[in-house]
Amino acid sequence: MAIRQIRVIGDEILNKECKPVKEMTDRTRELIEDMFETMYEANGVGLAAPQVGILKQIIVMDVDDGNQYVLINPEIIEESGSQTGPEGCLSVPNKSGQVTRPNHVKVRAYDENMEQFELEGDELLARCICHECDHLHGHLYVERVEGELVETSADEEEISVIPEMEE
């Protein structure tokens, strides 16, 4: 496993549409392992493949609920409710902003064995799913920020509602 470089805002790859994964290969398994390692090293709770320079529809998440999630070719099939709160991104270091997202989502995806499943999430998990799925379609949370982006510091990140997404 290896720590990969996280691409930051301004890098063209973050604005590109990702391609679906057709089959699981050893390289793709290695990418998933590297994505988890990179995400943990950066104190994140979610990471999408384009953030490490790979245009594939792969997301890894760990929102501290005791689960590690791998979403391959995810498709949000249901949304309900609304939540507004602070959001940041490993690809937009030292910034955060208020973003409104669904409070509940259901996503259909494939796992690392290319078996289809559905995952329902509320609150932070729902926010993370939506945020990471946006990455797969070339969108950053800054496009959704209500008001201004604000500077964050290392101290704020540790107590932030979403430490993942803030660097």
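This structure is a prediction, so every number in the text was calculated from the model and none was measured.

Regarding the sheet that holds strand 8 (residues 146-151)
Phase 1 of the analysis: Strand order in this open sheet of three strands is 4-5-8, and the pairing throughout is antiparallel. The open sheet terminates on both sides in strands that have one partner only, identified here as strand 4 (83-89) and strand 8. Sheet twist, expressed as the average angle between the axes of neighbouring strands with direction ignored, equals 25°.
Phase 2 of the analysis: Across three bridges, the pairing between strand 5 (residues 92-101) and strand 8 is antiparallel. Of the residues in strand 8, the one forming a bridge with lysine 95 is glutamate 151.
Phase 3 of the analysis: This element, helix 2 (residues 123-136), spans strand 4 and strand 5 of the sheet and lies at about 50° to strand 4.

Describing the sheet that holds strand 7 (residues 116-122)
Phase 1 of the analysis: One open sheet accounts for five strands, arranged 1-2-3-6-7; its pairing is antiparallel. What marks the edges here is a single partner per strand, and that holds for strand 1 (46-48) and strand 7. Between one strand axis and the next, the sheet turns by 40° as a mean value, whatever way the strands run.
Phase 2 of the analysis: In this structure, strand 6 (residues 104-110) lies alongside strand 7, joined through seven bridges in antiparallel fashion. When the bridges of strand 7 are listed, valine 105 appears paired with glycine 121.

A few points about the pattern of salt bridges
When their charged atoms lie close together, side chains carrying opposite charge are able to pair.
Phase 1 of the analysis: Across all of its chains, the model carries ten salt bridges by this definition.
Phase 2 of the analysis: Between arginine 101 and glutamate 87 there is a salt bridge whose closest N-O contact spans 2.7 Å. Of this pair, arginine 101 sits in strand 5 while glutamate 87 sits in strand 4, and the two are 14 residues apart along the sequence. Across this residue pair, the class does not change: arginine 101 and glutamate 87 are buried.
Phase 3 of the analysis: What emerges from the salt-bridge pattern is a single network uniting Glu87, Arg101, Arg127, Asp134 and Arg144.

Here's the deal with the packing of aromatic side chains
Phase 1 of the analysis: With the rule as written, the count across this model stands at one aromatic pair.
Phase 2 of the analysis: A ring pair is formed by phenylalanine 36 and tyrosine 40, whose centres lie 6.0 Å apart and whose planes are at 25°; its orientation type is stacked. Taken together, the positions of phenylalanine 36 and tyrosine 40, both in helix 1 (residues 26-41) and four residues apart, correspond to about one turn of that helix.
Phase 3 of the analysis: For tyrosine 40, a relative accessible area of 35% corresponds to the partly exposed category.

As for helix 1
Phase 1 of the analysis: For helix 1, which comprises 16 residues, the first-to-last C-alpha distance of 22 Å matches the rise-based estimate of 22 Å (1.5 Å per residue) to within 8%.
Phase 2 of the analysis: On its buried face, helix 1 is in contact with strand 1, strand 2 (58-61) and strand 3 (69-80).
Phase 3 of the analysis: Just downstream of helix 1, asparagine 43 is the residue with a positive phi angle, here 60°.

Focus: the environment of methionine 39
Phase 1 of the analysis: Tracing the backbone through its elements, the reader meets methionine 39 in helix 1.
Phase 2 of the analysis: Sequence separation of methionine 39 and threonine 28 is eleven residues, and the distance between their C-alpha atoms is 16 Å.
Phase 3 of the analysis: Among all residues touching methionine 39, those that are not within four sequence positions of it are Gly44, Val45, Gly46, Leu47, Val60, Met61 and Asp62.

Describing the environment of isoleucine 13
Phase 1 of the analysis: Turning to its location among the elements, isoleucine 13 is positioned in the segment before helix 1.
Phase 2 of the analysis: Relative accessible area serves as the criterion here: at 12%, isoleucine 13 is assigned to the buried category.
Phase 3 of the analysis: Sequence-wise, isoleucine 13 and isoleucine 54 are 41 residues apart; in three dimensions their C-alpha atoms are separated by 8.1 Å.
Phase 4 of the analysis: Sequence-distant contacts of isoleucine 13, that is, excluding residues within four places in its chain, are made with Arg7, Pro50, Gly53, Ile54 and Leu55.

Analysis parameters
Residues numbered from 1 in each chain as written. Predicted model: local features only at pLDDT ≥ 70, side-chain atom pairs only at ≥ 80, totals over all residues. Heavy atoms only, no water. Pairing = 2+ DSSP bridges. Helix = DSSP H or I, 4+ residues; strand = E, 2+ residues; numbered from the N terminus. Axes fitted to C-alpha atoms, helices over the stretch in contact; angles between N-to-C directions. Contact = heavy atoms within 4.5 Å. Salt bridge = Lys/Arg side-chain N within 4 Å of Asp/Glu carboxyl O. Buried < 20%, exposed > 50% of the residue type's maximum accessible area, 1.4 Å probe, protein only. Phe/Tyr/Trp six-rings, centres within 6.5 Å; stacked < 30°, edge-to-face > 60°. Expected span 1.5 Å × (residues − 1).

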